[in-house]
Amino acid sequence: MRIKSSMVTLIMVSFLLVTFHYVLVKEGSLLELPYREDPGCVVNFAQPHSLPPIALVSAPGSGNTWVRHLIERATGIYTGSVFKDSELYKGGFLGEYDEWDSGRVIVVKTHTKAYGQMKRYPAAILLIRNPYAAIISECNRMLSGENHTAYVEWSEENAKTPAFEKILNDTLAWYSSITLNWLKLYTRPLLVVHYEDIVQNTFGELERILEFLNVTMTIKRMECVRKDINGHFRRNTDRDRVKEYYVLAKKHGTSIELNSLNVSQLLLQRGFPPMH
């Protein structure tokens, strides 16, 4: 009788979960993702407190969300975040609302530059992107109302408006300090990953990341990545960005180049490749 009762309970729970997911999709609260069509590509939570809170840290605009997508596809385990972004949650990042130390997620997204918060992570993956591309990407997000895939018009006239100038200056300051602080202050296990390397050699860099996370990539999970390599939140990379680079370089080119030099020197001192 107990076995029969347990089976009935399991069937009821499964039915409720499927119904709940259907309602979310129907109401537009959750995107229907490609891996839901393939049981072999499903993404789940790990058991509570079974995983260490490993930071996936970057300056805003460095491709953190895309790398989270790749890690989820490659490991089958949700990633987390300290931000609780409702748009990302609705887009399928169901670990977004987990606490950073839940132990149920494979990595935790953060943009922190504070040493006090760095110390709570036993290991970290530092994602670095070309500063021009990262700053432009984050300004597009902020100036479009925090839309992860939108663009705004970059012109010398727009760049002089108070709102544009404030977000541009804040983003530049944030970018300049995050990478430098982690390279200077964080002494625990650290893996440096360059965004441009992931673009050029996605599977090779994913293998490096998974090795750092003590996860073995299977052929099946590689196929899961291949089926949906971009995800829902990666901007179109085929756009002509000459105007954006020109406006940013004209306003802040000197400080950006100096920051890149400082970061490259620190990377080399710690045995990592320099900036791209």
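A brief report on the enclosed structure follows. Model, not experiment: these values are computed from the prediction.

**Considering the pattern of salt bridges**
Applying the stated rule across the entire model yields 9 salt bridges. Asp98 is paired through a salt bridge with Arg104; the nearest N and O atoms lie 2.8 Å apart. A relative accessible area of 11% means that Asp98 is categorised as buried. When the shortest N-O distance is used, the salt bridge between Arg208 and Glu205 registers 2.7 Å. A residue pair is termed a helical-turn pair when its members lie 3 or 4 positions apart in one helix, as Arg208 and Glu205 do in helix H8 (residues 202-212) at 3 residues. According to the relative accessible area criterion, Arg208 is partly exposed, its value standing at 32%.

**Re the packing of aromatic side chains**
Counting across every chain of the model gives 6 aromatic pairs. Each ring, one from Tyr89 and one from Tyr97, has its centre 4.6 Å from the other, and the planes form 15°; the classification is stacked. With a relative accessible area of 25%, Tyr89 lands in the partly exposed category. With a relative accessible area of 38%, Tyr97 lands in the partly exposed category. Note on Trp100 and Tyr121: the rings are 5.7 Å apart at their centroids and 70° apart in plane angle, and the pair reads as edge-to-face. Of this pair, Trp100 sits in the loop between helix H3 (86-90) and strand E3 (108-110) while Tyr121 sits in the loop between helix H4 (115-118) and strand E4 (124-128); the two residues are 21 residues apart in sequence, bridging distant segments of the chain. Of the residues examined, Tyr121 reaches a relative accessible area of 0% and is grouped as buried. Sitting over the ring of Trp100, Arg120 keeps its end group 4.2 Å from the ring centre. Over the aromatic face of Tyr195 sits the side chain of Arg129, whose NZ or CZ is 4.1 Å from the ring centroid.

Rules used throughout
Per-chain numbering applies: the sequence of each chain, read as written, is numbered from 1 onward. Side-chain atom pairs in this predicted model are given and counted only at pLDDT of 80 or more, local residue features only at pLDDT of at least 70, and totals for whole chains, interfaces and linings cover all residues. Hydrogens and waters are ignored; side-chain quantities use all the structure's heavy atoms. Think of a salt bridge as a Lys or Arg side-chain nitrogen and an Asp or Glu carboxyl oxygen that are within 4 Å of each other. Partly exposed describes any residue whose relative accessible area lies between the buried limit of under 20% and the exposed limit of over 50%, with all areas from a 1.4 Å probe on protein chains only and scaled to the type maximum. Numbering of helices and strands starts at the N terminus; helices are DSSP runs of H or I of at least 4 residues and strands are runs of E of at least 2. Each pair of aromatic rings taken from Phe, Tyr and Trp, with Trp reduced to its six-membered ring, is defined by centres within 6.5 Å and is described as stacked if the planes are under 30 degrees apart, edge-to-face if over 60, and tilted in the remaining cases. We call a charge positioned above a ring when the Lys NZ or Arg CZ atom is no farther than 6 Å from the ring centre and deviates by at most 35 degrees from the ring normal.

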